[in-house]
Amino acid sequence: MDANLREHFDQAVSDDPGFDPGEMAHAAIARGGRVRRRRRQMAAVGAAAGVVLVLGVAGGVNLRSQPAQPSDQPTTVAAAMMPLASPGCSLKAAGATDVAIFLTSEVTQAQRAAILAALQGDSRVEQLVFEDRQSAYEKFRELWKDSPDFVAAVSPKDLPESFRVRLADASTSPAFVAKYQEQTGVQDVVGRRCPQNAAVGGVQ
Amino acid sequence: MTETVTSPRVADDTTRTGGPAGWGAGRRRARAARDAEFTAFVESAATRLRRSAYLMTRDWHLAQDLTQHTFTKMYTAWDRIRTGPNLEGYSRRVLMNLVFDQQKRRSGSEIVLAEMPDQPDGTAAAGSPELRLALVDALARLSVEDRAVLVLRHAEDHSVDTVSTILGVSVSVVKMRNARALARLRTLLGEDFRLTE
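Residues numbered from 1 in each chain as written. Chains lettered and ligands numbered in written order. Predicted model: local features only at pLDDT ≥ 70, side-chain atom pairs only at ≥ 80, totals over all residues. Heavy atoms only, no water.

Structural notes on the overall build of chain B
The line we're drawing: Starting at the N terminus, helices and strands are each numbered in turn, a helix being any DSSP run of H or I of at least four residues and a strand any DSSP run of E of at least two. Working definition: with a 1.4 Å probe on protein chains only, accessible area under 20% of the residue-type maximum means buried, over 50% means exposed, and in between means partly exposed. Method for areas: the Shrake-Rupley scheme with a 1.4 Å probe, in which residue coverage is limited to the protein chains shown.
Helices and strands together make up the secondary structure of chain B, namely eight helices and zero strands. What you see in chain B, going N to C, is helices and strands ordered as α-α-α-α-α-α-α-α. Counting over 197 residues, chain B shows a buried share of 47%. Summed over all atoms, the accessible surface of chain B reaches about 9,700 Å², with 51% contributed by carbon and sulfur.

Regarding the packing of aromatic side chains
All names here are of chain B. The test is simple: Pairing of aromatic rings covers Phe, Tyr and Trp, the last counted by its six-membered ring, and requires centre-to-centre distances within 6.5 Å; plane angles under 30 degrees mean stacked, over 60 mean edge-to-face, and any other angle means tilted.
This model, assessed by the stated rule, comprises nine aromatic pairs over all chains. With centroids separated by 4.9 Å and ring planes inclined at 65°, the aromatic side chains of Phe38 and Tyr75 adopt a geometry described as edge-to-face. A residue pair is termed long-range when its members are at least 10 positions apart, and Phe38 in helix α1 (residues 22-57) and Tyr75 in helix α2 (residues 60-76) qualify at 37 residues. Taken as a pair, Phe38 and Tyr75 share a single burial class, namely buried. With centroids separated by 5.6 Å and ring planes inclined at 40°, the aromatic side chains of Phe41 and Trp78 adopt a geometry described as tilted. Residue Phe41 is located in helix α1, and its partner Trp78 is located in helix α3 (residues 78-81); the two are separated by 37 residues in the primary sequence. Grouping residues by exposure puts Phe41 and Trp78 together as buried.

As for the state of the cysteines
Put plainly, a disulfide is one covalent bond tying together the sulfur atoms of two cysteines. All names here are of chain A. Spelled out, the test is: Criterion for a disulfide: a pair of cysteine sulfur atoms at a distance within 2.5 Å.
The full count for this structure, using the stated rule, is one disulfide over all chains. Note that Cys89 is cross-linked by a disulfide to Cys194, the S-S spacing being 2.2 Å. Residues Cys89 and Cys194 are joined through a disulfide that is right-handed, its torsion about the S-S bond being 120°. Of this pair, Cys89 sits in the loop between α2 (21-58) and β1 (90-91) while Cys194 sits in the segment after β5 (186-193), placing them 105 residues apart in sequence. Here the two residues Cys89 and Cys194 agree in accessibility, since each one is buried.

Remarks on the confidence of the model for chain A
Note the following rule: Here pLDDT means the predictor's own confidence in every residue, given as a number from 0 to 100. Any pair of residues with heavy atoms lying within 4.5 Å of one another is described as a contacting pair.
Averaged over all residues, the pLDDT of chain A equals 78, while 79% of them reach at least 70. Low pLDDT, under 50, characterises residues 51-77 of chain A; the predicted model gives this stretch 18 contacts beyond four residues in sequence or across chains.

What to know about the environment of Leu84 of chain A
Within the secondary structure layout, Leu84 of chain A lies in the loop between α2 and β1. Sequence separation of Leu84 of chain A and Gln204 of chain A is 120 residues, and the distance between their C-alpha atoms is 5.7 Å.

Remarks on the interface of chain A and chain B
Selection rule: Here the quantity called buried area is the total loss of accessible area, with a 1.4 Å probe, experienced by two parts when brought into contact, counted for both. In the sections that follow, a salt bridge refers to a side-chain nitrogen of Lys or Arg positioned within 4 Å of a carboxyl oxygen of Asp or Glu. Here a polar contact means two N or O atoms within 3.5 Å. Within protein one must be a hydrogen donor candidate and the other an acceptor candidate, and residues neighboring in sequence count only if both atoms are side-chain atoms. In this count, Pro and Cys sit with the nonpolar residues alongside Ala, Val, Leu, Ile, Met, Phe, Trp and Tyr, while Asp, Glu, Lys and Arg are called charged and the others, Gly among them, polar.
Taken together, the contact pairs 49 residues of chain A with 58 residues of chain B. Considering only the side of chain A, the residues that lose the most area to chain B are Phe9, Met24 and Arg36 of chain A, jointly responsible for 14% of the buried surface there. At the junction of chain A and chain B, the tally comes to six salt bridges. A salt bridge links Asp16 of chain A to Arg50 of chain B; the nearest nitrogen and oxygen atoms lie 2.9 Å apart. Where chain A touches chain B, the interface holds nine residue pairs in polar contact (both at pLDDT 80 or more). At the level of elements, α1 (3-12), α2 and α4 (133-143) of chain A are the ones that each hand at least two residues to the side of chain A that touches chain B. With 16 residues, the single largest contributor to the side of chain A that touches chain B is α2 of chain A. Among the residues forming the side of chain A that touches chain B, the class breakdown is 21 nonpolar, 15 polar and 13 charged.

In structure tokens:
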């Protein structure tokens, strides 16, 4: 009905830098697949808990609730539980201005303190922010609020803690990433190239 | 957790393989078929979705991110939604909800927009960088709800009814926002930016 306006909109997106849809589908399948598997696990755990409860009632036995543990704890953090990149940031192995260091779920006090000390003593670090599980969880819940079943299946302890770093000099990022990737207690180190006004670490 | 994604090559009818040994293979084939179907959907929908995300956010990187998130969410629910009547509409709804959330979260740290150019004074030809940016900048000055209506209605050409379904608001709200947003655009861009209604 409004051909003129339609044209204007088409022109407005004509500087599209392009992308690879196959890659996008692949990433969605890999990440979404992890969420699906996790959901299935949760459902199985829920069902098992239900059976225990029913048996307990039927037998008249007062079973102490035993927290059921998923047998195969995921070793990597599902991408769905990772924070979104900040606006304007793009993934960069080399020349990253911002780095997010995600900690493993089994990280100990001492390991966390060691990483913090290393970062505080690192002259390449310009700004440093620590994101705890609770804060990560608040953001996660907001992001996935239209999937209440998924949110219900995840608790703060499932989300990674992270150190977010802004580097003084982007050219130091490959060595920086490599160093912290090696530290005990580190799950993953992600470098991004960001504008000045982005959140420190390049993630929200 | 390093599962490789099977290459999309198997059709749907192979999903039910009988026999005791066929179980694992059947499931793998079912997944391959599902992944192939999903990939085809992404390939058909990604460009338009990503461009709408750009018009909503003025940021290609963010648009890419939000689109990726939309597809990831859709894949997690694919078995439930794949046969639905309106996958396209569903994908728009997921995307717009992500955009709304994203805008809400960053509204605290909103950067002040640069002065709008005093143009257009008739010198900016359609398709010129000035007008192209002017439209995107002007969109950014609308409320996110109004912007969503304009993008869905005019960049994507959805009917008023479809837009109302996607956004979960009544038809009259869509019409009202559309009229308001078009008037606002015209004010921002000047009479030179001709909008027929």
